[in-house]
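Overview (structure and organization)
Here is how the chains run, residue by residue.
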Amino acid sequence: MEAVQAQVLTHYRSELVERIRAGGGVLSAGELTVKLAKEFGFCYGVERAIDLAYAAKKHFSEVSPNTPIYLLGEIIHNPEVNDQIRAMGIKIISPKPTDEDLSQLQPGDAVIIPAFGTEVSTRKKIELKVGRDNIVDTTCGDVMSVWKRVRQYSKESVTSIIHGKAKHEETKATTSQARAYGSGHYLVVFTLQETDYVCDYILNGGDKIDFLEKFKGAYSAGFDPDLHLQAVGVANQTTMLRGETEEVQRRIKQAMIKKYGETAIEKHFRFFDTICGATQDRQDALQKLLVEPMNLLVVIGGYNSSNTSHLAEMGEAKLPTYFIKNAGKMASDKLIVHYNQHLHKEVETADWLPSGKITVGITAGASCPNNLIEDTIRRLFELRGISVQELLAN
């Protein structure tokens, strides 16, 4: 790990971002002011995952230069970082490999598990193919804390209601823990509307077939809402909005109290706060930044990054917000290409950068490296005809 950290820094650090942060998070020139959120970019879990991937490449190359190294899916949700991993010669295979994918693995090959973790069954299959010692597990510690809680629910025959995105790699890994060590089940809810539907079913029952159709792909095999919603424990994908997760657990708890009474609540409801600290720090920092006068907000990160998408949601509720994966998306001061989360695609917006005196807020998800944040800052000033190098030289 120590041997590769200099290489990692070369790829992802930014002196400019560090200087701005040291200067209070503000950089001004001409009529443009850029304000950085106090917390942004790489978190410890992401840095550790990347360090481990680089260290794995170095270690296995030294042990046997021809050792194939595979990565399950993406190391983190950032396209530039994953491109860099590929450039190192690490081969990317499906996060849920098929038998055909697994057939290419040989004893002695190395396999990297990404920061989101992987499903229990997938890990077991890989261990049988390459050996336990050849697995490099970069799973984030906060994610493993959720797994511990879900496994406990499972052992106590308590159904895990997981607030998250059912198709997200982290949530898939977490749900697999619910069935691995006991008789528990799971149900994934994404919105408060879905939560209310579950609460209404707990209180009033309903059409089981409709329920199972509504949550298709988001519950465990054999899940029966009539049986498995009698004792539930709430957990979550670590990158969700804290306020939303708290509201999910509040509504479900109230439904259980109404159904079984306050005195019996411990038999029917459990809750554990499993929001990632870094995710919350970035949300809190953006909340503070959004109180300040700004003309627009730029959010940088991978479009499939859950924690980044929530930052963009927070911005959109307050002011014009542009979610971009890199500085190249700012084509000119007249055109920006950015991700629309409602349409699930990139869109173009004209005349996005106002003329005259403006303040632009900037934040980035936990999987976005500082060099991409620097590129964005430089591009903003370039669009105003200002060289950041000249600015910093003064």
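The model shown is predicted, which means the values in this text are computed figures rather than measured ones.

**A closer look at the overall build of the protein chain**
Secondary structure assignment for the protein chain yields 17 helices and 15 strands. Compactness check: the protein chain gives a C-alpha radius of gyration of 23 Å against a globular reference of 21 Å for 394 residues, within 12% of the reference. Here the C-alpha coordinates of the protein chain stretch approximately 70 × 55 × 35 Å along the principal axes. Expressed as a percentage of the 394 residues in the protein chain, the buried residues total 54%. Excluding contacts between residues fewer than 6 apart, the proportion of contacts in the protein chain whose partners are at least 24 apart in sequence is 71%. Here the protein chain displays about 17900 Å² of accessible surface, and carbon together with sulfur accounts for 48% of that area. In the protein chain, the 46 positive side-chain charges and the 50 negative ones have mean positions that sit 3 Å from each other.

**Some remarks on the nonpolar core**
Side chains that are nonpolar tend, in soluble globular proteins, to be buried together. One finds Trp 352, Val 360, Ile 362, Ile 373, Ile 377, Leu 380 and Phe 381 to be the most contacted residues of the largest nonpolar core, which totals 34 residues. Looking at this core, the elements that each hand over two or more residues are helix H2 (15-22), strand E1 (26-29), strand E2 (32-36), strand E11 (296-300), strand E12 (321-324), strand E15 (358-364), helix H16 (370-382) and helix H17 (388-393). For this core, the leading source of residues is H16, giving 5 residues. Apart from the residues within four sequence positions on either side, Leu 380 is in contact with Leu 32, Val 34, Met 330, Trp 352, Leu 353, Val 360 and Ile 362. Val 8, Ala 49, Tyr 54 and Ala 115 belong to the second-largest nonpolar core, a separate cluster that totals 29 residues.

**Describing the sheet that holds E15**
Across the sheet, which stays open at both edges, the 5 strands sit in the order E1-E2-E15-E11-E12 with mixed pairing between neighbours. Of all strands in the sheet, those with a lone pairing partner are E1 and E12, marking the two edges. Each strand axis lies, on average, 20 degrees off the axis of its neighbour in the sheet, ignoring direction. Examined bridge by bridge, E1 and E2 share 4 bridges and lie antiparallel to one another. Paired with Leu 27 across the strands is Val 34, a residue of E2. Docked against the sheet, helix H14 (residues 277-289) engages E2, E11 and E15, running at close to 175 degrees with respect to E15.

**Some thoughts on the pattern of salt bridges**
If you walk through the whole model with that rule in mind, you get 19 salt bridges. Arg 123 is the partner of Asp 137 in a salt bridge, and the nearest nitrogen-oxygen pair spans 2.7 Å. Here Asp 137 is found in strand E6 (residues 135-137), whereas its partner Arg 123 is found in helix H6 (residues 120-130), with 14 residues between them in sequence. The partly exposed category is assigned to Arg 123, whose relative accessible area is 25%. Taking the shortest distance from any N to any O, the salt bridge between Arg 378 and Glu 374 comes out at 2.7 Å. A residue pair is termed a helical-turn pair when its members lie 3 or 4 positions apart in one helix, as Arg 378 and Glu 374 do in helix H16 at 4 residues. Assessed through its relative accessible area of 22%, Arg 378 is described here as partly exposed. What makes Glu 374 buried here is its relative accessible area of 15%. Taken together, the shared-partner salt bridges connect Arg 123, Glu 127, Arg 132 and Asp 137 into one network.

What counts, and at which threshold
Residues numbered from 1 in each chain as written. Predicted model: local features only at pLDDT ≥ 70, side-chain atom pairs only at ≥ 80, totals over all residues. Heavy atoms only, no water. Helix = DSSP H or I, 4+ residues; strand = E, 2+ residues; numbered from the N terminus. Rg over C-alpha atoms; globule rule 2.2 N^0.38 Å. Buried < 20%, exposed > 50% of the residue type's maximum accessible area, 1.4 Å probe, protein only. Contact = heavy atoms within 4.5 Å. Areas by Shrake-Rupley, 256 points an atom, 1.4 Å probe, with all protein chains shown as cover. Lys, Arg positive; Asp, Glu negative; His and termini not counted. Charge placed at Lys NZ, Arg CZ, Asp CG, Glu CD. Core = buried A, V, L, I, M, F, W, Y, C linked by side-chain atoms within 4.5 Å. Pairing = 2+ DSSP bridges. Axes fitted to C-alpha atoms, helices over the stretch in contact; angles between N-to-C directions. Salt bridge = Lys/Arg side-chain N within 4 Å of Asp/Glu carboxyl O.

Any link to function would need more than the numbers given here.
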